[in-house]
Protein chains: 4
Amino acid sequence: MLEKLKEEVFKANMELPKRGLVLYTWGNVSGIDREKGLVVIKPSGVEYDELKAEDMVVVDLDGKVVEGNLRPSSDTDTHIELYKAFKDIGGVVHTHSEWATIFAQAGKGVPAFGTTHGDYFYGEIPCTRAMTAEEIKGRYEKETGKVIVETFKDLNPIEISAVLVKQHGPFTWGKDPAEAVYHSVVLEQVAKMAYYTMSLKKNSDPMDQNLLDKHFLRKHGANAYYGQSK
Amino acid sequence: MLEKLKEEVFKANMELPKRGLVLYTWGNVSGIDREKGLVVIKPSGVEYDELKAEDMVVVDLDGKVVEGNLRPSSDTDTHIELYKAFKDIGGVVHTHSEWATIFAQAGKGVPAFGTTHGDYFYGEIPCTRAMTAEEIKGRYEKETGKVIVETFKDLNPIEISAVLVKQHGPFTWGKDPAEAVYHSVVLEQVAKMAYYTMSLKKNSDPMDQNLLDKHFLRKHGANAYYGQSK
Amino acid sequence: MLEKLKEEVFKANMELPKRGLVLYTWGNVSGIDREKGLVVIKPSGVEYDELKAEDMVVVDLDGKVVEGNLRPSSDTDTHIELYKAFKDIGGVVHTHSEWATIFAQAGKGVPAFGTTHGDYFYGEIPCTRAMTAEEIKGRYEKETGKVIVETFKDLNPIEISAVLVKQHGPFTWGKDPAEAVYHSVVLEQVAKMAYYTMSLKKNSDPMDQNLLDKHFLRKHGANAYYGQSK
Amino acid sequence: MLEKLKEEVFKANMELPKRGLVLYTWGNVSGIDREKGLVVIKPSGVEYDELKAEDMVVVDLDGKVVEGNLRPSSDTDTHIELYKAFKDIGGVVHTHSEWATIFAQAGKGVPAFGTTHGDYFYGEIPCTRAMTAEEIKGRYEKETGKVIVETFKDLNPIEISAVLVKQHGPFTWGKDPAEAVYHSVVLEQVAKMAYYTMSLKKNSDPMDQNLLDKHFLRKHGANAYYGQSK
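All figures in this text were calculated on a predicted structure; none of them were measured in a lab.

## Thoughts on the relation of the copies chain D and chain C
Rotating chain D by 90° and moving it 0.0 Å along the rotation axis overlays it on chain C with an RMSD of 0.0 Å. Accordingly, the operation relating the two chain copies is best matched by a four-fold axis. No C-alpha of chain D lies nearer the rotation axis than that of Ser199 of chain D, which sits 6.2 Å from it. A distinct binding surface is used by each copy, with only 3% of the interface residues of chain D retained as interface residues in chain C.

If you want it as structure tokens, here you go:
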């Protein structure tokens, strides 16, 4: 079942090591079929060079395995929380990519310092609050998703398609698994440049709001003019 | 038309990902035929590994497409402003290469700290002023070109063939598209080394003026003696 | 003799340059056959691209060569001390990988700042004390092993499978040579991220203890649920 | 003439881009035939991927071309000064490798912080004084050599086989061209690690003298025991 989505999710997973975002098995991508209410996700702890499209696991929105011989990613419950709360997203990625993880470890968001950031993310990429002992000792992966959703209570997940989980690492999402990976790659690059911008100029202000509007909106929304018309 | 220039511009564009200066579609190179007053430039938002020489778009100096089925780069108007103001240049490059962009985000020029810099750039590589709300909301890409030209009102664009647009990233130029790319590569390297020089020695002075003269002039101008005689 | 272990040790050694952990001949991996009390180790100063499985040297626990035409690694005595003190380990690695070495040169341990660290190491990776003049002038490599063992007098080497030798570099270990190399790769990554975390947020606290418990124990021990069941 | 030395010098030059020490044509290696008093050096400004062994230029110790159709490296006079002053060296390398150049631009030597450094360099790698206006305007490349030699008036160039020319970059040397390149690679690595060591621990002391003695002397001199006996 869901062979096309499995192929998409598989390819998106394989993009992670190719882009230098993961070491060993440290990342996972999923995609959702909204009509069927089913999520396709990478199996847990399988090496990328042994991974095949048919290894992808199908789970329902309660996290129960519907199809597949392997255990789904240990982060599956986090993905599911995001799909439930963010109705317009079609793919989710989790990595420990180094620059995004550095900000997560420092408990800081990634400010928007330039148009590279503004072309993709409409403002600062937030970092969650620390999780409580109860959340950590409870259904940890599900609670991780909930703390992300809480972080976005006043933010639009379509405009800011990434988050840093404190002392952990990034999650990103997009309209499909491929776009979610694209956002992971961009996040890593803008996090790196933000670090060095802050180091080169102490107390750097975020970028001009007009410039942010200009760049985000020339790529997104009704009046976008970047790229080729579809 | 302009098949030879299209080939040059295409090859120069392909050098950007090869040299690690761009992610995805984040860069563009153009070249000009001064006699015909036509500019050849990369199409907007096309992946490098799908790009072909015949995809290059020909525009006139008003930015109107003269030949080509694809939209030209969204930065075309900036390139045109540079060609109009800097009469001796034949190629222009725009990237978001990371170290140059870091300086642009911090709003700082790249000081000349050593002979690597002095071999190619005759002094600090300047950063533009911030653009005004009117400029950003108006013909933004054209205004970007104008603010670059303003930055060079007392500088010689042949001696300093690069600029940082504040909160955005670098533009470089050269006698042809290939040299413009060469300058982007060198800019990235000297920006990286400048960052760490400033970090290793707070309040570093720029390099000795005699040494800068020596290195720039042994490579450029009538008395150059680097390389093979042509 | 010990052909299978030689092959394992050889392959683990070849992983070091592939993972970017060594320049030239700057690293060595060994494995132990606990029943026979014999250690298989890389020969000293042989280039990786000339190395063959049959070049591996077999030594006993006094460091005497039992088989092999080449001299064993100059660090052999350090490996032996670790095997003697840490009864449950099967492989040892020494490298001068850059980030681990930077912490060793600064004389600092690598704090646990996030779940990437906590997934593999159950707390800070310690740095040894400086060695005394007597230790350095005596049986230096053996004394290096002893100072590592001293550093672990209140630590569990299975829970923290890495150490930094002050002003020198890292040693790691594992249940076999491959896992010991895996720990070297992870150490390098978490050391790099720890450096930048400390730089981004001065006086960063180590990660929450509950979160460390959660991550270490979901991968290790009786209740682990990461990966596939074996 | 000197075909074997040309081959050695050619191969050593080709190692520079392979090891990531040069961009474009920014480096040169030479070798000397002490009996004939002739130096073989890379031609000026030739791309590495077009370079052939027969392009190597032969010059005498006055810098006059004895054989070759191309101009020798513009840095030839610096190499010659080193060969004249340091009688036991057989190869010289100049690059603008980034970390060594960063220290040169900051005008700082590279302190010995750990055994990686001590295995190859017997103490701090010095940075020259700034050159005077007269030296820069005079026979600049020859004067560059002289200021290096002046820097070593109380140092042994066999024990410390590298120098940083202030606001310029590194020169290294060795018993032959290959060893000179090896020292350039090691210099780059130890410079990088020294930078981060200093950043991680302000006012870091150099390494313990006993440890430096131990490591340098276990690899060099009569009592060396690293590697295989020859």
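## Quick look at the UniProt feature "domain: Class II aldolase/adducin N-terminal" (unreviewed entry) in chain A
Those residues carrying the UniProt feature "domain: Class II aldolase/adducin N-terminal" (unreviewed entry) are residues 7-195 of chain A in this numbering. Spanning residues 7-195 of chain A, this segment combines 38% helix with 17% strand, and its end C-alpha atoms are found 35 Å apart.

## Comments concerning the side chain of Ser184 of chain B
All names here are of chain B. For Ser184, the position within the fold is in helix H7 (residues 177-200). Residue classification places Ser184 among the buried residues on the basis of a relative accessible area of 4%. Apart from the residues within four sequence positions on either side, Ser184 is in contact with Leu21, Val93, Thr95 and Thr172.

## Regarding the confidence of the model for chain A
Interpreting fine coordinate detail is not advised for predicted regions of low pLDDT. Looking at chain A as a whole, the pLDDT averages 96, with 100% of positions reaching at least 70. In the model output, the complex is listed with pTM 0.97 alongside ipTM 0.96.

## Some thoughts on the interface of chain D and chain C
Each partner contributes to the interface: chain D provides 32 residues, whereas chain C provides 32 residues. Taken together, both faces of the contact between chain D and chain C bury some 3,100 Å²; the carbon and sulfur share is 54%. Three residues stand out in chain D for area buried against chain C, namely Tyr196, Leu200 and Gln228 of chain D, and they jointly supply 22% of the buried area on that side. Taken together, the links from chain D to chain C amount to 3 salt bridges. Between Glu141 of chain C and Arg218 of chain D there is a salt bridge, with the nearest N and O atoms lying 2.6 Å from each other. Put simply, chain D and chain C have 16 residue pairs in polar contact (both at pLDDT 80 or more) between them. If you list the elements that add at least two residues to the side of chain D that touches chain C, you get helix H4 (115-118), helix H7 (177-200) and helix H8 (209-219) of chain D. Considering each element in turn, the side of chain D that touches chain C owes the most residues, 11 residues, to H7 of chain D. Of the residues that constitute the side of chain D that touches chain C, the class distribution is 14 nonpolar, 11 polar and 7 charged.

## What about helix H2 (residues 76-85) of chain B?
Residue and element names in this part refer to chain B. For H2, the tally of buried residues reaches 7 of 10 residues, placing the bulk of the element in the interior. Listed as buried for H2 are Thr76, Thr78, His79, Ile80, Glu81, Leu82 and Tyr83. For H2, the elements touching its buried residues are strand E1 (27-33), strand E2 (38-41), strand E3 (57-60), strand E5 (91-95), helix H6 (140-151) and strand E7 (169-174).

## As for helix H3 (residues 98-106) of chain C
In terms of burial, H3 of chain C is largely enclosed, as 8 of its 9 residues are buried. Considered for burial, the residues of H3 of chain C that qualify are Trp99, Ala100, Thr101, Ile102, Phe103, Ala104, Gln105 and Ala106 of chain C. Here the buried face of H3 of chain C lies against strand E6 (162-165), strand E7 (169-174) and helix H7 (177-200) of chain C together with H4 and H7 of chain D. Gly107 of chain C occupies a position one or two residues after H3 of chain C and carries a positive phi of about 70°.

## Here we look at the relation of the copies chain C and chain A
The transformation that overlays chain C on chain A combines an axial shift of 0.0 Å with a rotation of 90°, and the residual RMSD is 0.0 Å. Comparing contact sets, just 3% of the residues at the interface of chain C also lie at the interface in chain A, consistent with a heterologous contact between different surfaces.

## Brief notes about the arrangement of the chains
One thing to see here is that chain B and chain C don't touch, and their nearest C-alpha atoms sit 12 Å from each other. Nothing in chain A touches chain D; the tightest C-alpha to C-alpha distance between them is still 12 Å.

## As for the packing of helix H3 (residues 98-106) of chain B against H7 of chain B
All names here are of chain B. As a packed pair, H3 and H7 sit with axes 7 Å apart at the nearest point and diverge in direction by 55°. In terms of their interaxial angle, H3 and H7 are classed as oblique. For the pair H3 and H7, the sense of crossing is left-handed. Side by side, H3 and H7 meet where Glu98, Trp99, Ala100 and Phe103 of the first sit next to Leu187, Glu188, Ala191, Lys192, Ala194, Tyr195, Tyr196 and Met198 of the second. Across the contact of H3 with H7, the residue classes tally to 9 nonpolar, no polar and 3 charged.

What counts and what doesn't
Within every chain, residues take consecutive numbers counted from 1 along the sequence as written. Chain letters start at A and ligand numbers start at 1, both assigned in the order the entries are written. Totals for whole chains, interfaces and linings use every residue, but because this is a predicted model, local features are given only for residues with pLDDT of at least 70 and side-chain atom pairs only at 80 or more, for both listing and counting. Computation of side-chain values covers all heavy atoms of the structure but excludes hydrogens and water. Least-squares superposition aligns the copies on the C-alpha atoms of those residues with pLDDT at or above 70 in both. Residue contacts are defined here by distance: any two heavy atoms, one from each residue, within 4.5 Å place the two residues in contact. UniProt positions are given in the numbering used here, feature names are shortened, and annotations may be inferred rather than shown by experiment. Secondary structure elements follow DSSP: runs of H or I of four or more residues count as helices, runs of E of two or more count as strands, with numbering from the N terminus. Burial here depends on accessible area, computed with a 1.4 Å probe over protein chains only, as a share of the maximum for the residue type. Under 20% is buried, over 50% is exposed, and the range in between is partly exposed. The predictor reports its confidence for every residue as pLDDT, a score running from 0 up to 100. Accessible area, probed at 1.4 Å, shrinks when two parts are joined; the buried area is that loss added up over both. We count a salt bridge whenever a side-chain nitrogen from Lys or Arg sits within 4 Å of a carboxyl oxygen from Asp or Glu. In the analysis that follows, any N or O atom pair within 3.5 Å is treated as a polar contact, provided that within protein one partner can donate a hydrogen and the other can accept it, and provided that, for residues neighboring in sequence, both atoms belong to side chains. Amino acids outside the nonpolar list (Ala, Val, Leu, Ile, Met, Phe, Trp, Tyr, Cys, Pro) and the charged list (Asp, Glu, Lys, Arg) are all regarded as polar, and Gly is one of them. Interaxial angles span 0 to 180 degrees and are taken between N-to-C directions of axes, which are lines fitted to C-alpha atoms, for helices over the stretch in contact. When an angle is under 35 degrees it counts as roughly parallel; over 145 it counts as roughly antiparallel; between 65 and 115 it counts as roughly perpendicular; any other value is oblique. In this scheme the handedness of a crossing depends on how the near helix is turned from the far one: anticlockwise by less than a right angle means left-handed, clockwise means right-handed.

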